[in-house]
Structure formats: structure tokens, C-alpha cells
Amino acid sequence: MAEAIVSLRNVTKTFPGGVKAVDDVSFDIAQNEFFALLGPSGCGKTTLLRMISGLETPTSGQIVIGGEDMALTPPNKRPTNMVFQSYAVFPHMTVADNVAYGLKVTGVPAEETKRRVGEALEMVKLTHLAARKPDQMSGGQRQRVALARALVKRPKVLLLDEPLSALDAKLRDEMRLELTRLQENVGITFIIVTHDQDEALSMASRIAVMDKGAVQQIATPSELYEQPTSRFIADFIGKVNLINAKVVSSTAKKIVCDAKGLGKIELPHTGSPTGDIAIAIRPEKLKIAGSPPKAAKTIAAEGKVRDVAYYGDTSHVVVRCKDDLELAVNVQNDKRAGGSGVERGQKVWIHWAPEDTLVLTE
Amino acid sequence: MDSWRGNLRVFWTLFTPGTFWLLVFFLIPLAGLFQDSFSDKISITETAFTGTFANYVRAFDTVYLTIIWKSIWISAVATAFCLLLAYPIAFGICFAPARWKPLLLLLVILPFWINLLIRTYALIAVFRSQGYLNLVLGWIGLGPFEMLYNNGAVIMGLVYVYMPFMVLPLYATIERLDRSFLEASLDLGGSQVQTFFKVTLPLTMPGIITGIILVFIPCLGSFLTPDMLGGANAIMIGNVIERQFKAANDYPFGSALSFLLMYVTFGALALRAYFASRSKGVDV
């Protein structure tokens with residue numbers, strides 16, 4: 001990993017009243033990363049971001065930015081800038097004045113301020129609106145102002161607090177692409193806080209998933225999706241079939257377990273778990289067939305189709321098997337005729353490869 | 001809800017008591033005074049409408065102009081002190097822990113529950129030559145000081161009486177102010193002082209202007225405070241008007257002065273409207 005630009009060391013934040021918003025969090029963020037803090041609301045991700053910006057002080061622990069301990073550095077002296085969830089674009093200033101604000105207050109010469117404001121406005125394509133007041137602008141435009149205002153300061157780290165949550169769906173997709181492009185162009189570390197997994201998966205190079213104030217897993221988007229380390233992560237990221245199981249026997253490379261509705265199955269897995277575990281399979285890894293599969297190693301279950309939800313490109317099928325086990329299957333509608341090819345009430349076989357199955361001990 | 005235009009009959013039904021009240025107890029008496037201001041005194045108790053401008057001409061006599069001018073500057077100074085004292089108070093209440101806020105606001109409003117006359121006498125008891133303050137100062141070998149019956153005492157009294165009118169609108173505006181504006185300013189490198197003057201102050205201007213209007217206008221017309229604390233030479237226009245209606249029994253001249261005072265007030269309100277239209281984007 002490249003050199004760390006932000007290092008968090010045992011950072012804890014306890015609010016008056018005893019609520020532990022962030023609980024002993026430690027990790028590094030590398031130079032030029034697009035890092036996402038992902039988690040349900042109230043998980044402490046925004047508090048963590050605000051502590052990096054200096055707007056909140058950690059109760060204990062250390063925050064190092066660019067090699068310097070930030071403990072005694074107030075927010076106005078930190079090499080970070082923030083895009084607020086509400087954008088916080090000053091309503092009494094024009095767009096150009098908003099962008100110039102951060103340079104004026106720190107004594108950047110007027111000539112240079114003018115040039116840099118021009119560049120920043122060009123970067124977010126707002127040059128033609130420089131003289132407007134924020135109340136005459138749309139949410140998307142105000143967000144661009146907030147972005148330009150932060151980037152014009154050339155921070156080492158740009159902090160974005162739920163930057164897309166206030167935009168409508170179409171604009172959100174556009175801004176998602178634009179933010180990733182912007183990050184590549186300016187070469188600044190971005191830390192984004194979001195509760196939207198699609199946002200995190202599609203934009204970030206690495207994601208820290210948080211829950212109840214603690215970091216649950218830090219990984220790249222594909223690792224997070226394909227190799228979650230706990231039931232919480234598997235369930236939180238994407239859709240998943242979680243099945244309770246009991247370990248019967250295990251060797252160095254595989255385990256045999258007794259899974260609800262599936263009976264005894266053999267799965268490849270290193271480590272030797274014992275007792276209760278969960279197995280997880282993503283719906284798109286499951287196949288539907290009219291007859292039992294022929295390949296010897298596949299895991300299979302017979303069941304009855306309970307629901308078919310049509311989404312155009314895919315259909316989401318729910319199949320009820322033995323022991324009330326319900327499996328969600330995503331079927332690609334890759335032929336114009338026929339859709340998912342199954343109907344409610346139909347008897348079908350579900351099968352999948354053992355190596356597509358995850359064994360979760362936590 | 002429907003616009004009142006869409007439902008005229010309901011509107012008038014609901015509005016009638018208010019209209020009646022305003023008409024009988026405000027507009028008609030005011031019209032009477034307006035007529036009086038263009039009248040002549042014909043006997044000790046009677047006036048006759050003659051359409052004369054004599055009362056207004058008399059009001060522009062240097063004696064009265066000086067008093068009007070003095071009323072304006074005393075009110076202005078009192079308003080300025082109110083603002084300087086009330087802003088930190090309002091700010092402090094807004095940023096106080098939530099459970100303290102109601103109590104702190106109550107402390108601001110509490111003096112309203114006590115009669116103005118009693119409060120003014122209490123002020124006199126504290127500040128007179130043999131008062132409590134001079135007593136305490138005497139213990140440390142200072143004074144006694146003559147603190148009452150001058151312009152300073154009037155200003156102090158006005159600040160004391162009208163302070164809540166400044167604190168409350170300021171509190172309402174600061175409370176509504178989105179904290180993320182202040183945080184954004186700090187985050188962008190602004191110091192606390194810069195943040196205050198470039199962000200907080202402009203964004204709370206609506207509250208400041210409302211507070212100034214709410215304090216300045218009643219200060220201008222006040223007569224009890226200057227009468228009790230000001231002595232003979234700290235007289236304000238309110239005292240002159242009161243004297244015309246009572247001691248001098250000169251309704252026409254009193255009415256003319258009253259209307260002049262009202263025009264000054266209109267001027268202050270027009271000034272507010274002007275600033276409001278200039279600072280678009282920040283609703284005043």
C-alpha cells in the first residue's frame with residue numbers, strides 16, 4: 001500500500017450522555033485513495049469524518065494527517081476540506097464569492113484568488129453562473145459550488161458527507177461518475193461517507209463498513225461483496241441467502257456441514273470451524289433447472305416457486321424448499337421470449353457450485 | 001388552506017371582531033388626533049378644526065427640534081447598547097445545553113412580569129446617591145457618585161427596559177441559523193473572528209434589524225423612564241407630548257408632535273424595508 005495520508009489510531013468518541021459514537025477505530029487511508037465509510041445511519045461514520053476534519057474532537061486516540069498529529073490543530077488549520085451534506089453554501093454570497101471565501105480568509109493574494117476561483121469553477125462547469133446567488137440554483141448546482149469551494153483550497157484530503165443523498169436519482173448517477181472522474185483528475189484523497197452501498201461499491205477504491213461505532217471490515221468493493229467476513233457484512237452489502245448450518249466434520253481444506261433444508265453438504269473452506277455457522281450464497285450465483293443437476297459436486301435443492309418479480313433485465317425468483325428454506329434466485333432475462341422461464345407454483349431444482357458458497361463463522 | 005380571496009364570506013366573518021376593534025379603538029381616535037393637529041384651541045377644553053399648519057410650524061421651533069434630536073440620539077445609543085449586550089446573551093442561550101435554554105429564556109422575559117413603575121423605582125433605589133450601589137462602593141472607599149437624573153441614567157433605564165425586545169428576535173434568528181454554515185467557514189480556513197464577521201453577522205442580520213426596530217421605536221416614544229430617571233434636563237419628546245395633553249392641555253400641539261414622532265418611526269421602517277430589499281437571499 002502507498003504511503004498513508006490519514007492514520008487513525010484507536011480513535012474513540014463518547015458524546016456527553018455516554019453514547020459511544022466511535023469505538024476504538026484504527027486504520028490507514030493511502031494517498032490518492034477514494035475511500036468510503038459505509039454503514040447504516042447512526043453507525044458513527046459521520047462522527048468519524050467530522051473528527052478527521054477537526055469539527056469534532058476525539059475522546060481518545062490519535063488522528064495523523066500527512067504525517068502530523070492533528071490533536072491540537074483546529075479545523076481551520078487542517079489540510080482537509082469538507083463538502084457538507086446540506087452543502088452549506090453561503091446564501092449571502094455569490095457563487096464566485098463562495099468559492100473565493102476559503103482563499104480570502106487565509107490571505108491568498110487577490111490575483112491568485114481570481115485565477116484559482118476561475119479554474120475551480122471551470123472544473124465543476126459553473127463558470128457561467130459565477131455571479132448567481134445560491135437561492136437561484138438547483139441542488140445539483142449548489143453541490144458543485146460546495147465541491148469547487150473545497151477543491152480550490154487544494155486540500156490533502158477531501159471529505160464528503162453523504163454528498164449525493166439530497167439529489168434525485170438521475171442526477172445522483174451523473175454525479176457519481178463525475179466525482180470518480182474528478183478524483184482521478186485532481187489526484188486528491190477523497191473520503192466519502194455514505195449509507196448507500198451502491199454508491200460505495202461503484203465509486204470507492206476501498207470501503208470501511210461500520211456498525212455500532214466499530215469498523216467491521218475494510219476491503220475493496222469486490223472483496224467486500226465476494227468475501228465478507230461476517231453475517232452482518234454479507235447481509236448489509238447486496239442481497240444474500242443466509243442459511244444456518246452445523247459443522248459435522250472438517251479437514252484442512254474442506255468442511256462437511258448439516259445445513260437447514262439442504263442436508264449434509266461438503267464445502268471448500270480453510271480453517272476448522274466447529275459448531276454453528278452460516279453459509280451464504282448470492283442470488284445471482286444460483287441456477288434454476290427443471291430437473292436435478294447431473295454434475296456430481298453441485299449442491300442442489302428441490303422446491304416450489306413462490307414469487308417471481310420481473311425487473312426487465314433480471315427476474316427475482318423466490319423458491320421454497322424443504323424445512324421452510326427460502327432461496328432467492330436472480331435469473332438473467334437473456335432471451336426476449338419467456339422472461340425468467342418459471343411460473344409461480346412450478347416445481348424446480350436449484351443448484352450451485354460449492355466454491356460459490358461462503359462459510360461465515362461470525 | 002384557501003386563500004382569503006377564495007372564501008370571502010368566511011374571511012369577513014372571522015375578521016369582523018378584529019376590524020371592529022381596530023376601527024373603534026385605533027383608527028377613529030387616531031383620525032381624531034389627526035384632525036386636532038390641524039385645529040386651534042378656542043377655550044381651555046375646546047378645539048376647533050381650522051386646517052391650520054400653525055401647530056406643525058411651532059413643532060419645528062428650535063426648542064422642540066433640539067428635543068426631537070436628543071430623543072433620537074438617546075434612543076440610538078440605548079439601542080446600540082442593547083444590541084451589544086443582547087447579541088452575546090442570545091448567542092449564549094442558543095449554544096447552551098438544551099435543558100438550560102427554557103430557564104435562560106425565562107430569565108430574559110422575567111422582568112416583563114413586573115410593573116414598569118416598580119422596576120424603575122427599584123432602579124432608583126439601587127443607583128441614587130444613598131442607594132445600594134453607592135453603599136457597596138463606600139465600603140471600598142469609593143464614591144458616593146451621582147448616577148441618576150442625567151442622560152446616562154435615561155440610557156441605562158431604556159437599555160434595562162427594552163433589552164428583552166432585542167434578545168428575543170436575535171435568539172430566534174441565531175437558533176434558526178444552520179450551524180453547518182459556521183462549520184463550513186471554519187473548515188475553509190476562516191478563524192473564529194472571521195467566521196463571526198463574514199458569516200454569522202450577515203446571516204443573522206434579519207434578527208439584528210428586527211431587534212433594532214423593536215427597541216428604537218418604543219425608546220423614541222418613551223416618557224416614563226426619562227421622566228423618572230432623567231430629571232429636568234434629560235427631557236425627551238415623549239415627555240413634551242405628555243405635557244401637552246395633560247399639564248398644558250394643548251391637544252392640537254400634542255397631536256402635531258405625536259404625528260411628527262410617527263413620521264420618524266415610518267422613516268425607520270422605510271430604512272428597514274430598504275435594507276431588506278438590498279439583502280436578497282437572506283430573508284429579512
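Treat the numbers as computed from the prediction; the structure is a model and nothing was measured.

**As for the interface of chain B and chain A**
Chain B puts 21 residues into the contact, and the matching count from chain A is 25 residues. Counting the surface lost from both chain B and chain A, the interface buries some 1900 Å², and carbon and sulfur atoms represent 60% of this. For the chain B face of the interface with chain A, the top three residues by lost area are B:Glu183, B:Asp187 and B:Leu188, together amounting to 36%. At the junction of chain B and chain A, the tally comes to 1 salt bridge.

**Here's the deal with the pairing of strand 4 (residues 60–65) of chain A**
All names here are of chain A. Direction of pairing for strand 1 (residues 4–14) relative to strand 4: antiparallel, over a ladder of 5 bridges. Bridged to Leu8 within strand 4 is Ile63. With 2 bridges joining them, strand 4 and strand 5 (residues 68–69) adopt antiparallel strand pairing. Across the sheet, the residue bridging to Ile65 is Glu68, located in strand 5. Between strand 4 and strand 5, which pair antiparallel one after the other, the connecting turn spans 2 residues, and Gly66 there sits at a positive phi close to 55°.

**Some thoughts on the side chain of A:Thr94**
Among the structural elements, A:Thr94 can be located in the loop between strand 6 (80–83) and helix 2 (95–104). Once residues within four sequence positions are removed from consideration, A:Thr94 is found in contact with A:Ala130, A:Ala131, A:Arg132 and A:Lys133.

**So, the environment of B:Leu269**
All names here are of chain B. As for its position among the elements, Leu269 is in helix 13 (residues 251–278). Along the sequence, Leu269 and Gly190 sit 79 residues apart, while their C-alpha atoms lie 34 Å from each other. Apart from residues lying up to four places away in sequence, Leu269 is in contact with Ile213 and Ile217.

**Some thoughts on the domain arrangement of chain A**
Residues and elements named next belong to chain A. Once the domains are mapped, chain A shows domain 1 (4–234) and domain 2 (241–360). Here the C-alpha centre of domain 2 lies 39 Å away from the C-alpha centre of domain 1. Listed per partner, the contact involves 9 residues of domain 1 and 9 residues of domain 2. If you sort the residues of domain 1 by the area they bury against domain 2, Tyr225, Arg231 and Ala234 come out on top, with a joint share of 69%. Elements that contribute at least two residues to the side of domain 1 that touches domain 2 include exactly helix 7 (221–226) and helix 8 (231–236). With 3 residues, helix 7 is the largest single contributor of residues to the side of domain 1 that touches domain 2. When grouped by side-chain class, the residues that make up the side of domain 1 that touches domain 2 number 4 nonpolar, 3 polar and 2 charged.

**What about the sheet that holds strand 15 (residues 287–289) of chain A?**
All names here are of chain A. Read across the open sheet, the 5 strands follow the order 15-19-16-17-18; overall the sheet is antiparallel. The strands lining the two open edges of the sheet, one partner per strand, are strand 15 and strand 18 (326–332). On average, adjacent strands in this sheet sit at an angle of 45° to one another, irrespective of strand direction. In the sheet, strand 16 (residues 299–310) pairs with strand 17 (residues 314–320) via 6 bridges, with the strands oriented antiparallel. Across the sheet, the residue bridging to Asp307 is Val318, located in strand 17.

How each quantity is defined
- One numbering rule holds for all chains: residues counted from 1, following each sequence as written.
- Going through the entries in the order they are written, you letter the chains from A and number the ligands from 1.
- Residues qualify for local features only when their pLDDT is at least 70, as the model is predicted, and side-chain atom pairs are given and counted only at 80 or more; totals for whole chains, interfaces and linings, by contrast, use all residues.
- Remark: hydrogens and water are excluded; side-chain values derive from all non-hydrogen atoms of the structure.
- Contact criterion: two residues are considered in contact whenever any of their non-hydrogen atoms come within 4.5 Å of each other.
- Buried surface area refers to the total accessible area, computed with a probe of radius 1.4 Å, that the two partners give up upon joining, counted for both partners together.
- Salt-bridge detection follows one rule: a side-chain nitrogen of Lys or Arg within 4 Å of a carboxyl oxygen of Asp or Glu.
- By definition, two strands form a pair when at least two bridges between them are found by DSSP.
- Only DSSP runs of H or I reaching four residues or more are called helices, and only runs of E reaching two or more are called strands; each is numbered from the N terminus.
- For the purposes of this description, domain bounds are those given by an automatic or database domain assignment.
- Classes in brief: Ala, Val, Leu, Ile, Met, Phe, Trp, Tyr, Cys and Pro nonpolar; Asp, Glu, Lys and Arg charged; the others, Gly included, polar.
- Only the contacting stretch of a helix is used when fitting its axis, a line to C-alpha atoms as for every element, and angles between N-to-C directions run 0 to 180 degrees.

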